[in-house]
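# Survey of secondary and tertiary structure
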Amino acid sequence: MQVTDIGNKEDGKIWHRNSTSTKGPMVTVVRTAQQAKTVRFLHVAFDTTGECFIAGDHHGNIYVFDIGRNRFRLVQKTGQACTALAFTLRRTSEFLVALADYTVKCFDKDTKQLVSWMRGHDGAVSSISVHSSGRYAITTSLDSAQLWDMDTFQRKRKLNVRQSVGIQRVFFLPHSNTILSCFSDDSIFAWESDTLFCKYQLPVPDCGPRISYKAFAVTQDGKNLVSAGRSNLLHLWCLENKQLIKVIQMPSQVRTIRQLEFLPDTFDSGANQTLGVLSQDGVMRFINIHTCKLLFQIGSPDYALTTVDIGPNGRHIVAVMDNGGINIYSLQSLTEELNKPPNSQVVVVKDKEVNQAVPKVKVKSGAVRKPSSSRVTQTKALSPAGACDDKENELPAGLNKKRLVALLKAFGEYPAKYRMFVWRSMLFLPENYAAYSSLTDKGLHTAYLSLHDKYPIKSQKLQRRLQRVLSALAHWAAIFGEVEYLPLVAFPFVKLFQNNPLLCFEVVATVIVNWCQHWFEYFPNPPLNILSMVENVLAHHDKELLQHLVDCGITSQLYVWPLLETLFSEVLTRDEWLRLFDNIFTNHPSFLLMTCVAYTTCSREPLLQCSQKQDFEYFFHHRNNLDVGAMIKEAYRLMSNTPVDIHPKTMLSDFTPLTKGQYPIFNQYPEFIVEYQSREREKIRLQEMEYLRERQELSAMHAEFVRRQAEQETYYAQQELLQKAEDERRNILAQEEEKLTRQREKLAAMKRELKVKELQLLDASRRRFLKHQQKVKASQIEKLDQEISRKMDLRDQETAVAIQDLEVRQMELEAQRKRLEEWEEVMNARVQFSQQHKHISPGKTGGLRQRSLPSSNRLPYTSNGTTEVNLPSTSAACMTQQHRTAATPRQQGRTMVCLNSSSPTESTSTNFSLDRGRAQLDDGERELLKEIRELRQKLAARPKAGSSVSSHSVHTLSSPISQ
């Protein structure tokens, strides 16, 4: 068998070579942490393919094991132990984990992330059932069952029960919407998952004792249900007709059934026939439910199984071992013998042969035990006496006590992995299954029905197991129902053997018979004889300490009895306690008393410093800073150095194991006291039952009275509710009418408001249109203003040009005036010259003039700057015409006389003056300048005048110029 230790690895192979075993497991997976301590696996669960499964250990680590790929990996660290595991089916990578803090978490094995966190339970979740569609899941605890929606992870429904009726299991039927709920009173109900309507109830069997259903299994087609519990009987139910169709009795070794699982088969259409039954001895037996034939089995009492899961494809089985490991089985290898073809029906007859008698050898099947040491020892022949001594040291299962003692002295303790096995061998436990079953079948003892009130334990599972062990002890001997400190003695062993109640009972019974000798002789007082023995040993080895205790008023009931009644469980840790009891179980029963003395003497320094009683009480009821190894050595020293007269060994008998088959009678106690107490307790119980019966009758009468009164009150209350309902509906109708009226008013107001808004919108639109028109007009006016400005600029330019032209004209006129003045001077000079030359005849003068004038058409310049002008008659006529043109209208009416004009009546020698047109010319010039000045003033006074006015002004300005 291969063993794979995954240790602290997060990834690796499950096995390193192919398994050669045909009937055993393929591989065993264990996990050892620091200091070679084994971390126990608690639960396993296959996925929908059947090739992968998840496993959770005691430290909260979740591993995924892929059998097809031969790989494992760590996918989550929750930090606390899991109580149930399941895959969610719809999303194949997600799985559900129920933790010790009463919560359920959903993780993704691929991304290793938390998907959801579901809270709501007040106790540990014991099972998780997922619907075949993957849409819903049911989580079950002792006090409630809750239905969850796996899409939203919200709780849909919750099933609560009374405390007196606990829930065993609630689960879905395969490929159905039916939920089965099983309670501690053996009642089974079927519910509709959508409406939670009760479909039916299976009848509770009337025949035989109640077996307290604990385990359930349903075939894949959902037609048959198998239930079992604290018995070796299996009840096979037909769910179609709701009847019990068969009762199957398991072998006598089976007393309690822990788990039931059907083996899936591809060819039976879901009507499974092979059922696996896991019993209290850790063996899972597979039977055929129709033929009731035992097919094969896995596990053994030495390698017990605690829980098993079978892959949905029917290829592999995974089992969690009692030692915390995981066994992986191949179902094909386990059923290989069953699938063999039948033997041939043809028999060949042979002749008789001589000397064919071969001795028959009976081959016994059994497990091959490995040697305790890797070294090969040589076998030596011993003498008969030596052989007899060695036989005394032989223990069951091939162990030798001398070797175990040598191992204990060398290491101080037994290996943790084999401690339970060594203890079972050292104590010679008989494993009387039938005798123990007869004690447990009597049920809980009346003395321990309310054990949780006096000794509350956080773990309800541990509380129930302690209650069962104590009840079995009380049924074995009546005194154990009266001893108040018995739970303190049994509790450490119950916690240590909590998965095997038979071994726990026999260990406690062995301790009571051997290490608790003479404890009950002074019942109900403490064992004064035993306390005196311890005090005598202490007085011999440490008188000073004993004298200090006496001076402080401390008796042996205060410093010895607290250690004995708890078996050192209050003052030592788990590892220290186990180490101590390795030595106690190996030695004489008196070693326990020597240990009490050693504990006291090893603590002498702090005890000598104490003087108050409460300090001593605290010291012997709490853990202290004490070296357990030194205490054990001191106990061995006391065992060897104590005188015989006070040595407890002489007063206590040697170790006596329990008898095989039946437990011995225990009567080492004052029976009359126990019987008296029993009679008194029975009397009190009967009185209490009578009181309870009368109280129940009174309660029933009171309940009937209350019921009738409640019915009457309910009737009147209903009438009042109906009246109130009618009044409320009338009020509601009036309110609705009022609301309708208000709504109509609101509607009319809204219409008015809409009309006003419409008018406002129209008015705003009109204003907007007018504003737009104003903008358009303003734009046109702006354009006209720009045009006017442009024309005014043009007019200003034209006016400036006209002024420049006038200035040029004025300059021309000035030049003409100057020429005229020069010409007049010339003419005056000539006139003077003619007057001086009167003697010239006119004919000659005219001729002279005629000769002189044509000689030059231009005015000659003299040397002194004067111009000499010779004007012909034609020139003088033109000049006269020009002066006439420049004259004003009233001057035009005057008669203008030219230089060449001559009156016919006058002679040709008549004189004329050149200044005749000078005054007229000056007047015209002054008038022209005046008009120009007025025009400039008008232009300066009216810069914004129209184009017509401007053109008219320009015309007025140009008229004199043209004239």
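Note that residues are indexed from 1 along each chain, following the sequence as it is written. Only residues with pLDDT of at least 70 get local features here, since the model is predicted, and only at 80 or more are side-chain atom pairs given and counted; chain-wide, interface and lining totals rely on the full set of residues. Side-chain numbers here rest on the full set of heavy atoms in the structure, without hydrogens or water.

### What to know about the overall build of the protein chain
Stated formally: For helices the rule is a DSSP run of H or I covering at least 4 residues; for strands it is a run of E covering at least 2, with both sets numbered from the N terminus onward. Remark: exposure states derive from per-residue accessible area (1.4 Å probe, protein chains only) relative to the maximum for the residue type, with buried under 20%, exposed over 50%, and partly exposed in between. Here, Shrake-Rupley sampling with a 1.4 Å probe gives the accessible areas, and only protein chains in the shown set may cover a residue.
Broken down by element type, the protein chain carries 24 helices and 30 strands. Looking at the protein chain residue by residue over its 963 residues, the buried ones come to 39%. Carbon and sulfur atoms make up 52% of the accessible area of the protein chain, which amounts to about 57300 Å² in all.

### Observations concerning unusual backbone geometry
In the segment running from phenylalanine 523 into proline 524, the intervening peptide bond is cis, with an omega of 10°. Even without a glycine there, the phi angle at phenylalanine 153 is positive, about 55°. Structurally, phenylalanine 153 can be placed in the loop between strand S14 (144-149) and strand S15 (154-160). By relative accessible area, phenylalanine 153 is classed as buried at 13%. Backbone geometry at histidine 518 places phi at a positive 65°, although glycine is not the residue there. The topology assignment puts histidine 518 in the loop between helix H9 (501-514) and helix H10 (528-541).

### Brief notes about helix H14 (residues 574-586)
What counts, and what does not: By this rule the span expected of a helix is its residue count minus one, scaled by 1.5 Å. Contacts are assigned to residue pairs that have any heavy atoms within 4.5 Å of one another.
With 13 residues, H14 extends 18 Å from end C-alpha to end C-alpha; this agrees with the ideal 18 Å at 1.5 Å per step. When we look at burial in H14, the residues that qualify are Trp577, Leu578, Leu580, Phe581, Asp582, Asn583, Ile584, Phe585 and Thr586. On its buried side, H14 packs onto helix H3 (401-411), helix H4 (419-426), helix H8 (486-496), H9, helix H15 (591-602) and helix H18 (628-641).

### Some details on H4
Within H4, six of the eight residues are buried, leaving the element largely enclosed by the surrounding structure. Those residues of H4 that sit buried are Arg419, Val422, Trp423, Arg424, Ser425 and Met426. Buried-residue contacts for H4 involve H3, H8, H9 and H14. Positive backbone phi, approximately 50°, marks phenylalanine 428, located one or two places after H4.

### Digging into the environment of glycine 412
Residue placement: glycine 412 occurs in the loop between H3 and H4. Counting along the chain gives 217 residues from glycine 412 to glycine 629, while the straight-line C-alpha distance between them is 7.5 Å. With residues near it in sequence (within four places) discarded, glycine 412 still touches Leu407, Arg579 and Asn583.

### Considerations on the pattern of salt bridges
Heads up, the condition is: The term salt bridge refers to a side-chain nitrogen of Lys or Arg lying within 4 Å of a carboxyl oxygen of Asp or Glu.
The full count for this structure, using the stated rule, is 36 salt bridges. Here aspartate 149 ties to arginine 135 by a salt bridge, and the two come within 2.9 Å at their closest N and O atoms. In this pair, aspartate 149 is assigned in strand S14 and arginine 135 in the loop between strand S12 (127-130) and strand S13 (136-140), connecting sequence segments 14 residues apart. Taking the shortest distance from any N to any O, the salt bridge between glutamate 192 and lysine 199 comes out at 3.9 Å. Lysine 199 gets classed as partly exposed once you look at its relative accessible area, which sits at 40%. Counted as one network, the salt bridges with shared partners bring together Arg91, Glu94, Arg135, Asp149 and Asp151.

### Side note on the sheet that holds S14
Note the following rule: For two strands to pair, DSSP has to find at least two bridges joining them. Lines are fitted to the C-alpha atoms to define the axes, a helix being fitted only along its stretch in contact, and any angle between axes, read from their N-to-C directions, falls within 0 to 180 degrees.
Spatially, four strands are ordered S12-S13-S14-S15 in an open sheet, and the strand pairing comes out antiparallel. Both edges of this open sheet fall to S12 and S15, since each of them pairs with a single strand only. For this sheet the average axis-to-axis angle between neighbouring strands, irrespective of direction, equals 20°. Sheet topology note: the S13/S14 ladder contains five bridges and is antiparallel. Paired with isoleucine 138 across the bridge in S14 is leucine 147.

### Concerning the environment of histidine 445
Short version of the rule: Pairs of N or O atoms are called polar contacts if they sit within 3.5 Å, as long as, within protein, a hydrogen donor faces a hydrogen acceptor (for residues adjacent in sequence, only side-chain-to-side-chain pairs).
With respect to the element layout, histidine 445 can be found in the loop between helix H5 (433-440) and helix H6 (451-454). Linking histidine 445 and leucine 473, residues 28 residues apart in sequence, is a C-alpha distance of 9.2 Å. If we ignore the near neighbours within four places in the chain, the residues touching histidine 445 are Ser471, Ala474, His475 and Gly481. At 3.0 Å, the side chain of histidine 445 forms a polar contact with the backbone nitrogen of alanine 447.

### What about the sheet that holds strand S5 (residues 52-57)?
For sheets, the rule is that strands pair by backbone hydrogen bonds, running either parallel or antiparallel. Pairing is antiparallel in the open sheet, where five strands are placed in the order S2-S7-S6-S5-S4. Each end of this open sheet is capped by a strand with a single partner; those strands are strand S2 (11-12) and strand S4 (41-46). As paired strands, S4 and S5 are joined by five bridges and run antiparallel to one another. Directly across from phenylalanine 46, in S5, lies its bridge partner phenylalanine 53.

### Side note on empty space enclosed by the protein
We apply this condition: Computed over the protein atoms alone on a 1 Å grid, cavities are sets of points where a 1.4 Å probe fits but cannot get out and pockets are open sets with protein on both sides within 12 Å along at least five of seven lines; a residue lines them when it has an atom within 4 Å of a point. Grid points are joined across faces, edges and corners, and a volume is the space filled by probe spheres set on the points. Only Asp, Glu, Lys and Arg are considered charged, only Ala, Val, Leu, Ile, Met, Phe, Trp, Tyr, Cys and Pro nonpolar, and every remaining residue, Gly among them, polar.
Inspection of every chain in the model, using the stated rule, returns eight cavities of 30 Å³ or more. Volume-wise, the largest cavity comes out at about 130 Å³. In this structure, the largest cavity is lined by 16 residues; those nearest its centre are Gln280, Asp281, Pro301, Ala304 and Asn500. Tallied by class, residues from the lining of the largest cavity come to six nonpolar, five polar and five charged.

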